Amino acid sequence: MGNFQVRTDLALEARESISEADSELRGVRVEEYYLEEEDIQVTKVMIETKNGAKAMGKPIGTYVTMEAPALVEPDEDYHREISECLARELEEMIPDSEKEQSVLVVGLGNREVTADALGPQVVDNLFVTRHIIKTYGKAAYNCSRINTISSIEPGVMAKTGMETAEIIKGVIHETKPDVLIVIDALAARSTRRLNRTIQITNTGIQPGSGVGNHRNALTQESLGVPVIAIGVPTVVDAATIVGDALEKLMGDDSEFDGLKYMGQHRLAFAELNNMYMTGKDIDAVIKRVSFTISEGINIALEKE
């Protein structure tokens, strides 16, 4: 019957499912460091070969995961230290970040669905400059260097009747940005990473992939410009929760695999296939996390 396939968008979790020896053989490098003052664990997963990409189920590229437990806690400064860490990682990821560039920020997701509203809410708090620069020039900001920043919230195909990729291609054709930054909500394998983890990658993103609703991918190959994707896991597959609970109940049996058991009894657990869970305070969390991410982008792209 096969195992239940638990969906995850985090390269870190895909890496954890592969043994250390296998990952080295298959072209996957991992770097880890801990920022004690900020209480942030940073893990960089670098997929360098086609074999590594096949083993991980992810495209070749760099995936930076920031695990920040404090992200879900209320903070008057909206976790400025996490925003600054995000800005540093984002600057390293953006090609030629030291140069003046035109940047298009895309907020993916459905504003009407709280757990999927991360992208639109990040866009709400961005420091957008393109319209001012086009009208008044850099003199309007009294600076020597400033990036031209624009943003778009393309919505979902059920509302627009258009693929997200189609909308963005049209905007790119007209505005000609140098780089795209895409924000979206993700799905996690582990409940402890829910709303506590930020992933940054230079491989682009596939809208809706976290919940199995695959749309056309947003990548450099498909759009013609570098695509940096930022995501936060806001939902977890119901099968994950049930599988973990079964393993805890069978704690005395070290060989028991909860997800394998569910796969063997697939019909009994069939209703879990399309169920995704999130926290009860997700509205407050999304508002807080979206501001933290938007501040990170603002810091990374700020004027000089």
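These figures come from a predicted structure and were not determined experimentally.

Conventions and cut-offs
Residues numbered from 1 in each chain as written. Predicted model: local features only at pLDDT ≥ 70, side-chain atom pairs only at ≥ 80, totals over all residues. Heavy atoms only, no water. Helix = DSSP H or I, 4+ residues; strand = E, 2+ residues; numbered from the N terminus. Buried < 20%, exposed > 50% of the residue type's maximum accessible area, 1.4 Å probe, protein only. Contact = heavy atoms within 4.5 Å. Areas by Shrake-Rupley, 256 points an atom, 1.4 Å probe, with all protein chains shown as cover. Phe/Tyr/Trp six-rings, centres within 6.5 Å; stacked < 30°, edge-to-face > 60°. Core = buried A, V, L, I, M, F, W, Y, C linked by side-chain atoms within 4.5 Å. Expected span 1.5 Å × (residues − 1). Polar contact = N/O pair within 3.5 Å; in protein donor to acceptor, adjacent residues only side chain to side chain.

A. Local environment of the overall build of the protein chain. For the protein chain, the helix and strand inventory stands at twelve helices and nine strands. The buried share of the protein chain, taken over its 304 residues, is 50%. A fraction of 72% describes how many contacts in the protein chain between residues 6 or more apart in sequence connect residues 24 or more apart. Carbon and sulfur atoms form 48% of the exposed surface of the protein chain, whose accessible area is close to 15,000 Å².

B. The packing of aromatic side chains, seen in detail. What the rule picks out here adds up to one aromatic pair. On the basis of an interplanar angle of 80 degrees and a centroid distance of 5.6 Å, the ring pair of Phe127 and Tyr141 is categorised as edge-to-face. You can see Phe127 sitting in the loop between α5 (118–124) and α6 (130–136) and its partner Tyr141 sitting in the loop between α6 and β5 (148–152), a full 14 residues away along the chain.

C. Region of the structure containing the nonpolar core. Grouped together as the largest cluster of nonpolar side chains are 40 residues, with contacts concentrated most on Ile181, Ile198, Ile200, Ile293 and Ile297. For this core, the leading source of residues is helix α12 (residues 282–300), giving eight residues. Filtering out sequence-adjacent residues up to four positions away, Ile293 remains in contact with Leu86, Leu118, Val122, Ile198, Ile230 and Val232. Residues Leu104, Ile152, Leu180 and Val225 belong to the second largest nonpolar core, which totals 19 residues.

D. Highlighting helix α4 (residues 80–93). Taking 1.5 Å per residue, 14 residues should reach 20 Å; α4 reaches 20 Å between its end C-alpha atoms and fits that length. Of the positions making up α4, those classed as buried are Ile82, Ser83, Cys85, Leu86, Ala87, Glu89, Leu90 and Met93.

E. Quick peek at the environment of Pro95. Residue placement: Pro95 occurs in the loop between α4 and β4 (102–107). Assessed through its relative accessible area of 34%, Pro95 is described here as partly exposed. As a C-alpha pair, Pro95 and Val227 span 132 residues in sequence and 9.9 Å in three-dimensional space.

F. Main features of unusual backbone geometry. Even without being glycine, Asp96 reaches a positive phi, approximately 55 degrees. Looking at the secondary structure, you find Asp96 in the loop between α4 and β4. The partly exposed category is assigned to Asp96, whose relative accessible area is 43%. Phi at Asn142 takes a positive value of approximately 50 degrees, unusual for a residue other than glycine. Here Asn142 is to be found in the loop between α6 and β5. The class of Asn142 is exposed, set by a relative accessible area of 74%.

G. View of the side chain of Thr201. In this structure, Thr201 sits in strand β7 (residues 197–201). For Thr201, a relative accessible area of 3% gives the class buried. A polar contact of 3.1 Å, which involves the side chain of Thr201, links it to the backbone oxygen of Thr62. Contact partners of Thr201, with chain neighbours within four places excluded, come to Thr62, Tyr63, Met93, Val227, Ile228 and Ala229.

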